[in-house]
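What the coordinates show
Take a look at the letters that make up each chain.
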Amino acid sequence: QVQLVESGGGLVQAGGSLRLSCAASGHTFSSYGMGWFRQAPGKEREFVAAINRSGGNRYYADSVKGRSTISRDNAKNTVYLQMNSLKPEDTAIYYCAAAINLNNLLLKAEYDYWGQGTQVTVSS
């Protein structure tokens, strides 16, 4: 069992930056692929970014590619999402997720554990 707690969300002006963190409980964090997803009001939860167990492979949605960086610190059981040049359309609840199997980290169905989410609001 893994428990995930996100933090770092907030209100920011367009063009600003935020760094989201996701702290995981347990001693097997390095065994999981990790991902970030987001859900805007009235929309489906969508993939944002993912990282494999070692951090050597990273994946991004086209909508955030070039503006965001996912990273992880296995010694701290934490995964991060640095978001720059934020846009109003980035406004959403951001969720951290952990996957045991790494078949396709872009699919939310592949993830086994989810955090409660952190709100990101970007004003124009």
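What counts as what
Residues numbered from 1 in each chain as written. Predicted model: local features only at pLDDT ≥ 70, side-chain atom pairs only at ≥ 80, totals over all residues. Heavy atoms only, no water. Helix = DSSP H or I, 4+ residues; strand = E, 2+ residues; numbered from the N terminus. Buried < 20%, exposed > 50% of the residue type's maximum accessible area, 1.4 Å probe, protein only. Phe/Tyr/Trp six-rings, centres within 6.5 Å; stacked < 30°, edge-to-face > 60°. Lys NZ or Arg CZ within 6 Å of the ring centre and 35° of its normal. Contact = heavy atoms within 4.5 Å. Core = buried A, V, L, I, M, F, W, Y, C linked by side-chain atoms within 4.5 Å. Disulfide = S-S within 2.5 Å. Pairing = 2+ DSSP bridges. Axes fitted to C-alpha atoms, helices over the stretch in contact; angles between N-to-C directions.

1. Some points on unusual backbone geometry
Of note, Asn77 is a non-glycine position whose phi angle comes to about 55 degrees, a positive value. Mapped onto the elements, Asn77 comes out in the loop between strand S7 (68-73) and strand S8 (78-83). For Asn77, a relative accessible area of 17% gives the class buried. Despite not being glycine, Ser85 has its phi angle at roughly 45 degrees, a positive value. Here Ser85 lies in the loop between S8 and strand S9 (92-99).

2. Considerations on the packing of aromatic side chains
Within this structure, the stated rule accounts for five aromatic pairs. An aromatic cluster of at least three residues, connected via ring pairs, comprises Phe37, Phe47, Tyr111 and Trp114. Arg45 extends its terminal NZ or CZ atom over the ring of Tyr95, reaching a point 3.6 Å from the ring centre. A cation over an aromatic ring shows up here: Arg45 above the ring of Trp114, its NZ or CZ 4.9 Å from the ring centre.

3. Describing the side chain of Ser68
Within the secondary structure layout, Ser68 lies in strand S7. Residues in contact with Ser68, not counting those within four places in the same chain, are Tyr60, Leu81, Gln82 and Met83.

4. Focus: the nonpolar core
Of all hydrophobic cores here, the largest spans 36 residues; its most connected members are Leu4, Met34, Trp36, Val79, Leu81, Met83 and Tyr94. Elements supplying a minimum of two residues to this core: strand S3 (18-24), strand S4 (33-39), strand S5 (46-51), S8, S9 and strand S11 (118-123). No other element matches S9, which puts six residues into this core. Residues contacting Met83, with those up to four places away along its chain left out, are Gly16, Ser17, Leu18, Leu20, Arg67, Ser68, Tyr94 and Val120.

5. Some remarks on the state of the cysteines
Applying the stated criterion to the full structure yields one disulfide. Residue pairing for Cys22: its cysteine sulfur links by disulfide to Cys96, the two sulfurs lying 2.1 Å apart. Because the sign of the S-S torsion sets the handedness, a value of about -75 degrees for the bond joining Cys22 and Cys96 places this disulfide among the left-handed ones. Residue Cys22 is found in strand S3, and its partner Cys96 is found in strand S9; the two are separated by 74 residues along the sequence. Residue Cys22 shares its accessibility class with Cys96, and that shared class is buried.

6. A few points about the sheet that holds S7
An order of S1-S3-S8-S7 is seen for the four strands of this open sheet, with the pairing classed as antiparallel. Two strands in the sheet have a free side with no partner beyond their single neighbour: strand S1 (4-7) and S7. With direction set aside, neighbouring strand axes in the sheet form an average angle of 15 degrees. Sheet analysis places S1 next to S3, joined by four bridges and oriented antiparallel. Residue pairing in the sheet places Leu4 in a bridge with Ala24 of S3.

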